[in-house]
Amino acid sequence: MKLSKIAEILGIRVDIPQEIEIVKLNTLQEAKEGELSFLENEKYIKYLPDTQASAVLISEKHIRYLPENTIPLITETPYIDLAKISRYFASPIEIDEVERVPPQIGKNCKIAKSVYIGSDVKIGNNVTILHNSYIGDRTEIGDNSIIYPNVTIYRDTKIGKDVTIHSNSVIGSDGFGFATDSQGNHIKIFQNGNVVIEDRVEIGSNVSIDRAVFNSTYIRKGARIDNLVQIGHNCDIGENVVLVSQVGIAGSTKLGKSVVVGGQAGIAGHLKIAPFSTITAKAGVSKSIKKSGKIWSGYPLFEHSHWLKLQAKISKLLKG
Amino acid sequence: MKLSKIAEILGIRVDIPQEIEIVKLNTLQEAKEGELSFLENEKYIKYLPDTQASAVLISEKHIRYLPENTIPLITETPYIDLAKISRYFASPIEIDEVERVPPQIGKNCKIAKSVYIGSDVKIGNNVTILHNSYIGDRTEIGDNSIIYPNVTIYRDTKIGKDVTIHSNSVIGSDGFGFATDSQGNHIKIFQNGNVVIEDRVEIGSNVSIDRAVFNSTYIRKGARIDNLVQIGHNCDIGENVVLVSQVGIAGSTKLGKSVVVGGQAGIAGHLKIAPFSTITAKAGVSKSIKKSGKIWSGYPLFEHSHWLKLQAKISKLLKG
Amino acid sequence: MKLSKIAEILGIRVDIPQEIEIVKLNTLQEAKEGELSFLENEKYIKYLPDTQASAVLISEKHIRYLPENTIPLITETPYIDLAKISRYFASPIEIDEVERVPPQIGKNCKIAKSVYIGSDVKIGNNVTILHNSYIGDRTEIGDNSIIYPNVTIYRDTKIGKDVTIHSNSVIGSDGFGFATDSQGNHIKIFQNGNVVIEDRVEIGSNVSIDRAVFNSTYIRKGARIDNLVQIGHNCDIGENVVLVSQVGIAGSTKLGKSVVVGGQAGIAGHLKIAPFSTITAKAGVSKSIKKSGKIWSGYPLFEHSHWLKLQAKISKLLKG
């Protein structure tokens, strides 16, 4: 989409020295040439000087931090404007009746007749897909993977080898993204990224893994995800991580290798959890964990040994 | 169903001056002429004098509060009797083979061939319904709405315009209603109401929204509901409310406009939450919130600033 | 599978006096002749002397506790070896194209055409199965039961009479079982047991009930399970138990008759909860409850009256 068209849609006046084709929306950090970014939260000002975005939605007072060649789209509501323009970058929703690129399917696959396979899907060897699962457009599924009945895999998902996904799980539904205007109305930020599931991952039943707003949500090699778990958009779930049932992980959080999270625990968004951390059941994590290999409990969160001590002290209040 | 027949089924002796056709079960407050209500919990005695119900299941000692023209069905187990009679007011479950009233479908709809459409369904213009979703009898779906794959929408659901529902969510399953007899056996209260979803609502994946026992469960305009959220029967979720992932809201609770509820928080039944309240992640709400615009945390619940202070005090116990 | 073959696969040297056919893997307590068991956790040594297993994966230092006729398969990694061999005891995953034993279906059933019925399924009289549900191989469903749309029932599930299962619930998905090697890789323990649901049970929407690793996960007569509940492998949910929405119960936990568990509460694995216990919303149970008929709250868990008192004391800290 032409940058001048974007400016026109948003009602932003801008002097574009040479017309640019904007191919994607992205964060300041990850944007490349030809991409449009935005600055809403001042804590990301630090990423402005080095951004490679071709243009940025930004308020006037911050434009001095932009690199010389980056075009500012000046607005007092960058996040709302991002939301408004995001719909133009969404993939169309295709269904049955549309002309589809036929799938590439490997050897020895067992795919039930009731399975829906979208356009341009690639399926490896020895893949099993059971009754009625939905495989969205351009999805890839590696060798030996098993998809149980009634699974929904949205478009553009990449699934590795030896992956198992249990029934009624949803991979790649929209992340929970919206901007709220001054009247309290929520404007959807279309979620144009995808989900990448690496080799040897097992995912339980009724799990929700959201697609990224831009780029990808990652589930790394060998991770184990139990039933009814929520993984927000743009999370990065490390190698061999274990998420017990009903865990919730908010958007953009990164779990290091071999992190274990107990049942019903929750982790807030935009955090980093050090490798080999254990978070016990029902804990609430609202800050990043930097030391690796520790056990953490409670909400607010304490090191497990401290939490045990604290609970002992608290229970003494009963006798006070 | 004739009132005399109801009395006969329940084994209740009653002198009916003139036969009445009972068309619906309802609460004391909401019942109209031709409807049967009940009094079990004494805190609802206050609704007896003004009820418009034609008949009420009630214990003998409370009949003096009834309006003159309301017929008492005298029983020591009004709630169990309500449960027993509720099955006679349930809609039959219809399936494929039954003769169906063909749907009315607007212009430019994309509906996958595998979608099930029940009897007498009304679908607006530009509606998209993906693979294998189930649209129950007499459901209505407004213009521009999108239903992703494997969604189940039970009978009689009303969905507005510009609504999005993500995969594997369930709208209109039975509320969790039963009466328990003296032997501990649970007797189902058939859930004969429905769900109403207003315009511009977005609902994530694996969400459960239960139908009302009588009347409707409401999701008001512009609400945003994340994945794996539970909404009990007869809730009223206000305009532009935001429910983050894994929130649970028990039956008959009313959330005012623009309430925000953080991930894994829970709200008990029969409460009212004032508009513009924010309830932070993992909080537990067991009382109504009357002041609007405040932030609340923890379980038991405190104003957020108090909760922070309290947690600081608690953590000092560790050093004591 | 021949015991000598198992030893060969695992690279274990063993002197087998007479070849044995191993028909099943099982716990020390439940194993019968012809079955292979294992000892990893020393707290189960007490079950060694009386085990009826024909052979046991066990470290050398514990073999002295074994009955004389039980053959030890000596290994320093019994649990990992159990995991490695478990895949050979898994049922094959069958789909559409395979030759199926036709189902036995009773009188007056309503089964939607889109329902998938596996091999050798037995369905009673007056059973209703709605759109697109999946009924795995060798499943049995009793009279008058209702399966709503998009339910997935894995192979070998036994469902009693008058059972209702709401949409998008999953019965019999794999339990969350794996052994972790010294490199942190997880090795799946194939879940070769099943789920048994007794008469008059009602199950909400988006519920996950895992199959047993060996033997059965039980849901006893008359239990009521609300939406989005998790029940781990090998649980035994007692008669008339009530599980409110978003409850999670970890593996091998046994709930006595008429236990009530409030919304979002969690119960750890391998516990016993006494009959008529009430566990309030959001509580966390990490120890068995031996006294029946009490109410319990909080995490850590207290008797409800103590918990209320404790919370009152804690809130006083604010004024300190």
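The model shown is predicted, which means the values in this text are computed figures rather than measured ones.

This next bit is on helix α3 (residues 304–316) of chain A. Its 13 residues place the ends of α3(A) 19 Å apart at the C-alpha level, agreeing with the 18 Å of an ideal helix rising 1.5 Å per residue. Of the surrounding elements, those touching the buried residues of α3(A) are β34 (295–297) and β35 (302–303) of chain A, α3 (304–316) of chain B together with α3 (304–316) of chain C.

A word on the pairing of strand β3 (residues 55–58) of chain C. Within a regular strand, side chains alternate between the sheet's two faces. Residues and elements named next belong to chain C. Of the two faces of β3, the one lined by Ala55 and Leu57 and the one lined by Val56 and Ile58 are each fully buried. Bridge count between strand β2 (residues 35–38) and β3: three bridges; the pairing is parallel. What sits directly across from Phe38, in β3, is Leu57. Sheet topology note: the β3/strand β4 (residues 71–74) ladder contains four bridges and is parallel. Looking at the pairing, Ile58 lines up with Ile74 of β4.

Another aspect to go through is unusual backbone geometry. A cis amide bond links Tyr299(B) to the next residue, Pro300(B), at an omega of 0°. Along the chain, the position of Pro300(B) falls in the loop between β34 (295–297) and β35 (302–303). Positive phi is not limited to glycine here, since His270(B) has a value of about 60°. A positive phi is found at Ser252(C), a non-glycine position, where the angle reads about 65°. Within the secondary structure, Ser252(C) is located in the loop between β27 (248–249) and β28 (254–255).

Here the two chain copies are tied together by a rotation about an axis and a shift along that axis. Superposition record for chain A on chain B: RMSD 0.0 Å, screw rotation 120°, translation along axis 0.0 Å. Between the two chains, the operation in question is that of a three-fold axis.

Quick look at the packing of helix α1 (residues 3–10) of chain A against helix α2 (residues 78–86) of chain A now. Axes are the key here: two packed helices are described by the angle between their axes and the distance separating the axes. All names here are of chain A. Contact pair α1 / α2: the axes reach a minimum separation of 10 Å and the direction vectors enclose 115°. With respect to α2, the axis of α1 lies roughly perpendicular. Helix-helix and strand crossings are classified by hand; for α1 and α2 the assignment is right-handed. Across the interface between the two elements, Ile6, Ile9 and Leu10 of α1 pack against Asp81, Lys84 and Ile85 of α2. In terms of residue class, the contact of α1 with α2 is built from four nonpolar, no polar and two charged.

Now for the sheet that holds strand β9 (residues 128–129) of chain A. Residues and elements named next belong to chain A. Pairing is mixed across the open sheet formed by eleven strands, whose spatial order is β6-β9-β12-β15-β20-β23-β26-β29-β32-β34-β35. If you trace the sheet from one side to the other, it starts and ends with β6 (110–111) and β35, each paired once. Two strands pair when backbone bridges link them, and strand β26 (residues 242–243) and strand β29 (residues 260–261) are joined in this way by two bridges, in the parallel orientation. Considered in β29, the bridge of Leu243 is made with Val261.

Along its sequence, chain A is organised into domain 1 (3–89) and domain 2 (96–168). Domain 1 of chain A and domain 2 of chain A are separated by 37 Å when their C-alpha centres are compared.

A few words now on the confidence of the model for chain A. The share of residues in chain A with pLDDT of 70 or more is 99%, and the mean pLDDT across the chain is 96. Prediction confidence for the complex, expressed as pTM and ipTM, is 0.97 and 0.96 respectively.

Residues and elements named next belong to chain A. Pairing within the open sheet is parallel, and its nine strands lie in the order β7-β10-β13-β16-β21-β24-β27-β30-β33. Both edges of this open sheet fall to β7 (116–117) and β33 (284–285), since each of them pairs with a single strand only. Taken together, the two bridges between strand β27 (residues 248–249) and strand β30 (residues 266–267) define a ladder with parallel strand orientation. Counted as the bridge partner of Gly248 is Gly266 from β30.

Our next topic: the side chain of Thr51(A). Residue and element names in this part refer to chain A. The residue Thr51 is located in the loop between β2 (35–38) and β3 (55–58) in this model. Thr51 gets classed as buried once you look at its relative accessible area, which sits at 6%. Side-chain polar atoms of Thr51 contact the backbone nitrogen of Ala53, separated by 3.2 Å. Those residues within four positions of Thr51 in sequence are excluded, and the remaining contacts are Leu28, Ala31, Val56, Leu66, Pro67 and Thr70.

A few words on empty space enclosed by the protein. Summed over all chains, the structure comprises four cavities of 30 Å³ or more. Each pocket or cavity is described by its volume, and for the largest cavity that value is around 940 Å³. Considering the residues around the largest cavity, the lining is formed by 36 residues, among which Lys282(A), Tyr299(A), Tyr299(B), Lys282(C) and Tyr299(C) are closest to the centre. Looking at the lining of the largest cavity, the elements with two or more residues in it are α3 of chain A, α3 of chain B together with α3 of chain C. Of the residues belonging to the lining of the largest cavity, the class tally is 21 nonpolar, twelve polar and three charged.

Now for the interface of chain A and chain B. Every contact between the two is made by 51 residues of chain A and, on the other side, 43 residues of chain B. Counting each side, the surface lost to burial between chain A and chain B is near 3600 Å², with a carbon and sulfur contribution of 56%. Together, Ile93(A), Phe176(A) and His186(A) form the three largest contributors to the area buried by chain A at its contact with chain B, with a combined 18%. At the junction of chain A with chain B, the criterion picks out one salt bridge.

Conventions and cut-offs
Residues numbered from 1 in each chain as written. Chains lettered and ligands numbered in written order. Predicted model: local features only at pLDDT ≥ 70, side-chain atom pairs only at ≥ 80, totals over all residues. Heavy atoms only, no water. Helix = DSSP H or I, 4+ residues; strand = E, 2+ residues; numbered from the N terminus. Expected span 1.5 Å × (residues − 1). Contact = heavy atoms within 4.5 Å. Buried < 20%, exposed > 50% of the residue type's maximum accessible area, 1.4 Å probe, protein only. Pairing = 2+ DSSP bridges. Least-squares fit on C-alpha atoms with pLDDT ≥ 70 in both. Axes fitted to C-alpha atoms, helices over the stretch in contact; angles between N-to-C directions. Parallel < 35°, antiparallel > 145°, perpendicular 65-115°, else oblique. Left-handed = near helix turned anticlockwise from the far one by under 90°. Nonpolar A, V, L, I, M, F, W, Y, C, P; charged D, E, K, R; others polar. Domains from an automatic or database assignment. pLDDT = per-residue confidence, 0-100. Polar contact = N/O pair within 3.5 Å; in protein donor to acceptor, adjacent residues only side chain to side chain. 1 Å grid on protein atoms, 1.4 Å probe; cavity = no way out; pocket = protein on both sides within 12 Å on 5 of 7 lines; lining within 4 Å. Points joined across faces, edges and corners; volume = space filled by probe spheres on them. Buried area = accessible area lost by both parts, 1.4 Å probe. Salt bridge = Lys/Arg side-chain N within 4 Å of Asp/Glu carboxyl O.

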